[in-house]
Amino acid sequence: MLTTGPRGTKDILPDSSGHWQYVEKIIREVCHNFAYQEIRTPVFEHTELFLRGIGDTTDIVEKEMYTFTDRAKRSITLRPENTASAVRSYLENKLYSGPQPTKLFYIGPMFRYDRPQAGRYRQFHQFGIEAIGAEGPAIDAEVISLAVAFLNKLGLSDLKLLINSVGCPQCRPVYRAKLQEFFQDKRAHLCSDCQSRYDRNPMRILDCKNETCAKYSQGAPHMLDCLCEECGSHFAGLQELLTAAGISFVINPRLVRGLDYYTKTAFEIQYSPLGAQSAVCGGGRYDGLIAECGGQPTPGIGFAIGIERVLLALEKQALLPSINTAIDVFVAPLGTEARAVAFQLLTELRYAGIAADMDFMNRSLKAQMKYANKYPAKFVALIGEDELAAQKVMVKNMDTGSQELIARTALVPMILEEMEK
Ligand code: AMP
């Protein structure tokens, strides 16, 4: 156990952390473009927040939360997603008193006790956004367009945007009743989860992954046929805006989120080469959530993108950039006495903002040169016996192979000048 991490967790090692930094850089650029600002909330919250904010009939809350009692006997949960925390923070910090809508993005680890497999982990990372305070379809289009812009900027193609409307508390009860009528005589054939969903949350039967449930839900009525006038025109407005922006989409009436505070727009972006875990982005409108969490009724919409899945997709399409480990100078001392001078020079270089390293392993000259090439280093600053005695340093340009003997004090200015070129 001491040398094995918990199941479903993964170390991000130096050979791939550069890829994470690359994706995070694109996230920050795109969010800046769309005028979303970063929020960082704690990784744990009161359990109650998720019971309310995600819904106690969802798989996440029923089966997947990491919940524990702290030393003061409070029930605490590691966040399984970030929307509830963002809404909690929005209310606690009165973000509604600033300019509206409140446009937030976040990047961070989430925790779900899920069955681990490729693309599914127990600690995973999401990039997400929340736009709180605007109700028209334009903000829905903006949120979707940000997700698409991000994935496109990474170079991902073969993406499929699915959209649907899940209605609102006005029109959904009509649909719910129709669904229950449809499933009434099929109920006994459904999986045990869906049998309980029948009463509590029948829309969720439509997105059950069980094959039998999928078979029995064929031909089920569509929410889109039951939308009230307001939800209907919101959905039409969204389609118009997406079309105008050149964002292609497919309407998928099976895309559901059965809870009362999820309203109107629901969407998903799939990258099919990822197979079973093809969903890279899931999002939707949650006009009832803020009131559910104790605020004034306030509309909101957001999405979450799984960063591990994005990285898997980038790897599949050979779109991962090479990681830059290059340095400017490698300081190579020969002999014990040269080591102190080398360390002094190394420190001066680094304090001057130059990326530098030195040998810490007492390597031979040949091994040091080989090691310097691995970074690669642009220059090697060699300090042998002669250089030491003359207070000089031999600088080798590793690209051209040319060498120059210079005064020790001239090293930093020379490298700075080279870096300007
Ligand atoms: P959700 O919060 O369930 O709507 O998920 C949003 C996105 O997060 C999904 O489309 C996935 O890309 C990602 N995701 C969700 N659960 C996991 C998980 N267990 N492991 C890795 N990625 C996940």
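Source: prediction; values computed, not measured.

1. Side note on the sheet that holds strand β6 (residues 123–132)
Reading across from one edge, β1-β5-β6-β11-β10-β9-β7-β8 is the order of the eight strands in this open sheet, with mixed pairing throughout. Among the strands making up the open sheet, the edge pair consists of β1 (37–38) and β8 (250–251). Examined bridge by bridge, strand β7 (residues 159–165) and β8 share two bridges and lie parallel to one another. Residue pairing for β8: leucine 162 is matched across the bridge by valine 250. Sitting on the sheet, helix α1 (residues 14–33) touches β1, β5 (102–111) and β6, and the angle it makes with β5 is about 160°.

2. Some thoughts on the pairing of strand β15 (residues 392–397)
Of the two faces of β15, only one is covered, namely that formed by Val393, Val395 and Asn397; the face formed by Lys392, Met394 and Lys396 stays uncovered. Taken together, the four bridges between strand β14 (residues 377–383) and β15 define a ladder with antiparallel strand orientation. Looking at the pairing, phenylalanine 379 lines up with asparagine 397 of β15. Looking at chain direction, β15 and strand β16 (residues 403–407) are connected through five bridges and run antiparallel. Bridge pairing in β16 links valine 395 to glutamate 404.

3. Some words on the site of the ligand
Taken together, 13 residues surround the ligand, and among them Arg112, Tyr121, Gln126, Ala279 and Val280 come closest. One of the backbone nitrogen or oxygen atoms of tyrosine 121 is found 2.9 Å away from a nitrogen atom of the ligand. A distance of 3.1 Å is found between an oxygen atom of the ligand and a backbone nitrogen or oxygen belonging to valine 280. Coverage of the ligand by the protein chains reaches 85% of its 480 Å² of free accessible surface. Of all the secondary-structure elements, those providing two or more residues to the shell around the ligand are β6, β10 (279–285) and β11 (300–306). Classifying every residue of the shell around the ligand gives six nonpolar, three polar and four charged.

4. Focus: helix α6 (residues 172–183)
An ideal rise of 1.5 Å per residue puts 16 Å on twelve residues; α6 measures up with 16 Å between its terminal C-alpha atoms. Lining the buried residues of α6 we find α7 (192–200), α8 (211–216) and β9 (263–271).

5. Observations concerning the pattern of salt bridges
Taken as a whole and judged by the stated rule, the model has 26 salt bridges. Ionic pairing is found between lysine 186 and aspartate 185, a salt bridge with its closest N-O pair at 3.7 Å. With a relative accessible area of 62%, aspartate 185 lands in the exposed category. Within the structure, one salt-bridge network assembled from shared partners comprises Asp59, Lys63, Asp193, Arg197, Arg204 and Asp207.

6. Quick look at the environment of cysteine 226
Mapped onto the elements of the fold, cysteine 226 is located in the loop between α8 and α9 (229–244). Once the C-alpha coordinates of cysteine 226 and cysteine 171 are considered, the two residues, 55 residues apart in sequence, prove to be 6.5 Å apart.

7. Quick word on helix α2 (residues 47–54)
Every buried residue belonging to α2 is among Thr47, Leu49, Phe50, Gly53 and Ile54, and all of these are buried. Viewed end-on, α2 has its buried residues packed into an arc of 155°, placing them on one side of the element. On the buried face of α2, the contacting elements are β2 (44–46), α3 (59–64), β3 (66–69), β4 (75–78), α4 (83–92) and α10 (289–292). Residue glycine 55 follows α2 closely and has a positive phi angle near 110°.

Cut-offs used in this document
Residues numbered from 1 in each chain as written. Predicted model: local features only at pLDDT ≥ 70, side-chain atom pairs only at ≥ 80, totals over all residues. Heavy atoms only, no water. Pairing = 2+ DSSP bridges. Helix = DSSP H or I, 4+ residues; strand = E, 2+ residues; numbered from the N terminus. Contact = heavy atoms within 4.5 Å. Axes fitted to C-alpha atoms, helices over the stretch in contact; angles between N-to-C directions. Buried < 20%, exposed > 50% of the residue type's maximum accessible area, 1.4 Å probe, protein only. Near = heavy atom within 4 Å. Polar contact = N/O pair within 3.5 Å; in protein donor to acceptor, adjacent residues only side chain to side chain. Areas by Shrake-Rupley, 256 points an atom, 1.4 Å probe, with all protein chains shown as cover. Nonpolar A, V, L, I, M, F, W, Y, C, P; charged D, E, K, R; others polar. Expected span 1.5 Å × (residues − 1). Salt bridge = Lys/Arg side-chain N within 4 Å of Asp/Glu carboxyl O. Arc of directions from axis to C-beta.

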